[in-house]
Amino acid sequence: QVALLQRIPGAEGWPTGGLVLVTIAAFLSVASLLTLRRSFGIRPALRGLVTAGPYRFVRHPIYLSYAIGDIGYNLQEWNYGTVLLTLAGWVSLLYRIHAEERVLSRDPGWVTYVATVPRLVLPLPRLWNSPTDQSSVRPQTARHQARRAH
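Residues numbered from 1 in each chain as written. Predicted model: local features only at pLDDT ≥ 70, side-chain atom pairs only at ≥ 80, totals over all residues. Heavy atoms only, no water.

Caption draft 1: The overall build of the protein chain, seen in detail. For the protein chain, the helix and strand inventory stands at 6 helices and 0 strands. Counting from the amino terminus, helix and strand elements in the protein chain follow one another as α-α-α-α-α-α. Put simply, 72% of the contacts in the protein chain that link residues at least 6 apart link residues at least 24 apart. Of the roughly 10200 Å² of accessible surface on the protein chain, 64% is carried by carbon and sulfur atoms. (Helix = DSSP H or I, 4+ residues; strand = E, 2+ residues; numbered from the N terminus. Contact = heavy atoms within 4.5 Å. Areas by Shrake-Rupley, 256 points an atom, 1.4 Å probe, with all protein chains shown as cover.)

Caption draft 2: Spotlight on the packing of helix α3 (residues 61–76) against helix α4 (residues 80–104). Their axes nearest at 11 Å, the elements α3 and α4 cross at an angle of 180°. By the angle class used here, α3 and α4 are roughly antiparallel. Within the contact between the two elements, α3 uses Tyr63, Tyr66, Ala67, Asp70, Ile71 and Asn74 and α4 uses Thr82, Val83, Thr86, Trp90, Leu93, Arg96, Ile97 and Glu100. The residue inventory of the contact of α3 with α4, partitioned by class, reads 8 nonpolar, 3 polar and 3 charged. (Axes fitted to C-alpha atoms, helices over the stretch in contact; angles between N-to-C directions. Parallel < 35°, antiparallel > 145°, perpendicular 65-115°, else oblique. Nonpolar A, V, L, I, M, F, W, Y, C, P; charged D, E, K, R; others polar.)

Caption draft 3: Just unusual backbone geometry, in detail. With a phi angle near 50°, arginine 37 is a residue other than glycine that sits in the positive phi range. Tracing the backbone through its elements, the reader meets arginine 37 in the loop between α2 (15–36) and α3. For arginine 37, a relative accessible area of 68% translates into the label exposed. (Buried < 20%, exposed > 50% of the residue type's maximum accessible area, 1.4 Å probe, protein only.)

Caption draft 4: Molecular detail of the environment of histidine 60. Take histidine 60: it is sitting in the loop between α2 and α3. Spatially, the C-alpha atom of histidine 60 lies 8.5 Å from that of arginine 119, the residues being 59 residues apart in sequence. For histidine 60, the residues in contact, after removing those within four places along its chain, are Ile97, Glu100, Glu101, Leu120 and Val121. Side-chain polar atoms of histidine 60 contact the side chain of glutamate 101, separated by 2.9 Å. (Polar contact = N/O pair within 3.5 Å; in protein donor to acceptor, adjacent residues only side chain to side chain.)

Caption draft 5: Layout of the packing of α2 against α3. Interaxial distance between α2 and α3 falls to 7 Å at its minimum, and their mutual angle equals 160°. Taken together, α2 and α3 sit at an angle that is classed as roughly antiparallel. The two elements α2 and α3 meet at a crossing, and its hand is left-handed. The segment α2 lies against α3, with Pro15, Gly17, Gly18, Leu19, Leu21, Val22, Ala25, Leu28, Ser29, Ser32, Leu33 and Leu36 engaging Pro61, Ile62, Leu64, Ser65, Ile68, Gly69, Ile71, Gly72, Tyr73, Leu75 and Gln76. Looking at the contact of α2 with α3 residue by residue, the class counts come to 15 nonpolar, 8 polar and no charged. (Left-handed = near helix turned anticlockwise from the far one by under 90°.)

Structure, rendered in structure tokens:
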């Protein structure tokens, strides 16, 4: 985004609000990394399920910090290219979340964790569920199960 803004200057949005969001994102990111400790890694792997700190509220607080920071940077200065880059980055994060959750689902505490902390990144209504996310599955009645069997 910085390289793009050097070539194509952007419009100023709300620089003070953007700085506040970037600062919040930095603190959330540091708090999340400190909570992860040795469970942090570049590639998805089962290094233990972390459920403390920011992970009590959302399953991927580091990615939440990325999103908050992205919004903050775009509020400081933006153009259509920076918005498109941000959206492309968010799509790649959804892919990474999906890959990480496939690995984490092998942990014995995963089902309980997902039921306790059902939100992937934002505490908003779901737009996409993890393939291992059972928190939104409705129990089936015997009549419904019999109908599906036929």
